[in-house]
Amino acid sequence: MVRRTVAWVVAVVLLVEALGIGALNWFLGVVVERQKMSMAGLDPHLMSMSSKIGGVVFGLYFALCALVALLVAVRDRAPAGFGRVVLISAAVVHGLLGAFAWGLVGPTAFVAMVVVLALLVLLLVSYDRDGGPAEAAPGGSGGTGDPRGADEPVDASAAPAGEPAAGRPAEPQDGDDEPRDAVPERLTRPVPTAP
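Let us look at the structure shown here. (Residues numbered from 1 in each chain as written. Predicted model: local features only at pLDDT ≥ 70, side-chain atom pairs only at ≥ 80, totals over all residues. Heavy atoms only, no water.)

Thoughts on the overall build of the protein chain
In step 1: Helix and strand counts for the protein chain stand at four helices and two strands.
In step 2: From first element to last, N terminus to C terminus, the protein chain shows the α and β order α-α-β-α-α-β.
In step 3: Taking all contacts inside the protein chain whose residues are at least 6 apart in sequence as the whole, residues at least 24 apart take part in 71%.
In step 4: Accessible area of the protein chain: about 13,000 Å², with a carbon and sulfur share of 67%. (Helix = DSSP H or I, 4+ residues; strand = E, 2+ residues; numbered from the N terminus. Contact = heavy atoms within 4.5 Å. Areas by Shrake-Rupley, 256 points an atom, 1.4 Å probe, with all protein chains shown as cover.)

Listed below in structure tokens is the structure:
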């Protein structure tokens, strides 16, 4: 399955990114502290600590995104609820990082961010439709007839559509004057989801 492979790739890429971002910010914090660098009169220790804290926070955030993608890959189910929100936010962050990377780093970093963004979007949309057969719809007749479930009792005295029932006058019923679809509505089974 392509979507499961995409989920594994996204999990690995995000985990590598989490480690890379965390290590880079920690390294920058150490350099600032050892060189006693200051920007606009800020305390070097404060700058160093903020860089380290930022690295840890972003590293944990990307590790959480990698965990959600890993759960999607292992369970082969769509992300739901909080997990879906986390992956959407990761896609937005990579879009913004790509926009900044083009101006600050160059086109290579931009392409890398866009590739990760494309993988995240592919992961999110590949699980939107189940693609399973309509015949497997629970309680339905496979989308070929009555949309009522098989468990529903059928009224034996009910006449076919358009004909009055025995003993009842032919009165217009609610909805008789509204147009109806020529094709019966197909039922689809619900897609299982994972966090």
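Things to note about unusual backbone geometry
In step 1: In this structure, D76 is a non-glycine residue whose phi angle is positive, near 55°.
In step 2: Along the polypeptide, D76 turns up in the loop between α2 (44-75) and β1 (78-79).
In step 3: For D76, a relative accessible area of 19% gives the class buried. (Buried < 20%, exposed > 50% of the residue type's maximum accessible area, 1.4 Å probe, protein only.)

A word on the packing of helix α1 (residues 2-35) against helix α4 (residues 107-126)
In step 1: At their nearest, the axes of α1 and α4 sit 9 Å apart, and the two run at 140° to each other. Between α1 and α4, the angle is such that the two are oblique. The hand of the α1/α4 crossing is left-handed. Where α1 abuts α4, its residues R3, V6, A7, V9, V10, V13, L14 and E17 lie against M113, V116, L119, L120, L122, L123 and S126.
In step 2: In terms of residue class, the contact of α1 with α4 is built from 12 nonpolar, one polar and two charged. (Axes fitted to C-alpha atoms, helices over the stretch in contact; angles between N-to-C directions. Parallel < 35°, antiparallel > 145°, perpendicular 65-115°, else oblique. Left-handed = near helix turned anticlockwise from the far one by under 90°. Nonpolar A, V, L, I, M, F, W, Y, C, P; charged D, E, K, R; others polar.)

Some thoughts on α2
In step 1: Given a rise of 1.5 Å per residue, 32 residues ought to cover 46 Å, and the 46 Å separating the end C-alpha atoms of α2 matches this to within 8%.
In step 2: Count one or two residues on from α2 and you reach D76, which has phi positive near 55°. (Expected span 1.5 Å × (residues − 1).)

Description of the environment of I88
In step 1: As for its position among the elements, I88 is in helix α3 (residues 82-104).
In step 2: Separated by 36 residues in the primary sequence, I88 and L124 have C-alpha atoms spaced 7.8 Å apart.

Topic: the nonpolar core
In step 1: With 24 residues, the main nonpolar core has V10, L14, L87, L120 and L123 as its most contacted residues.
In step 2: For this core, the element with the highest residue contribution is α2, accounting for seven residues.
In step 3: Not counting chain neighbours up to four residues away, the residues in contact with L87 comprise C65, V68, P79, L120, L123 and L124. (Core = buried A, V, L, I, M, F, W, Y, C linked by side-chain atoms within 4.5 Å.)

A short note on the pattern of salt bridges
In step 1: Scanning all chains against the criterion turns up two salt bridges.
In step 2: Two residues, R3 and D76, come together in a salt bridge whose shortest N-O distance is 3.9 Å. With R3 in helix α1 and D76 in the loop between α2 and β1, the pair connects residues that are 73 residues apart, well separated along the chain. Both residues of the pair, R3 and D76, count as buried.
In step 3: As a salt-bridge pair, E33 and K52 come within 3.5 Å of each other at their nearest N and O atoms. Taken together, the positions of E33 in helix α1 and K52 in helix α2 put the pair 19 residues apart, joining distant regions of the chain. (Salt bridge = Lys/Arg side-chain N within 4 Å of Asp/Glu carboxyl O.)

What to know about the packing of aromatic side chains
In step 1: Summed over all chains, the structure comprises two aromatic pairs.
In step 2: When the ring of W102 is compared with that of F110, the centres are 5.0 Å apart and the planes differ by 85°; the resulting orientation is edge-to-face.
In step 3: Residue classification places F110 among the partly exposed positions, given a relative accessible area of 28%.
In step 4: Lying over the aromatic face of W26, K52 brings its terminal NZ or CZ to 5.0 Å of the ring centre. (Phe/Tyr/Trp six-rings, centres within 6.5 Å; stacked < 30°, edge-to-face > 60°. Lys NZ or Arg CZ within 6 Å of the ring centre and 35° of its normal.)

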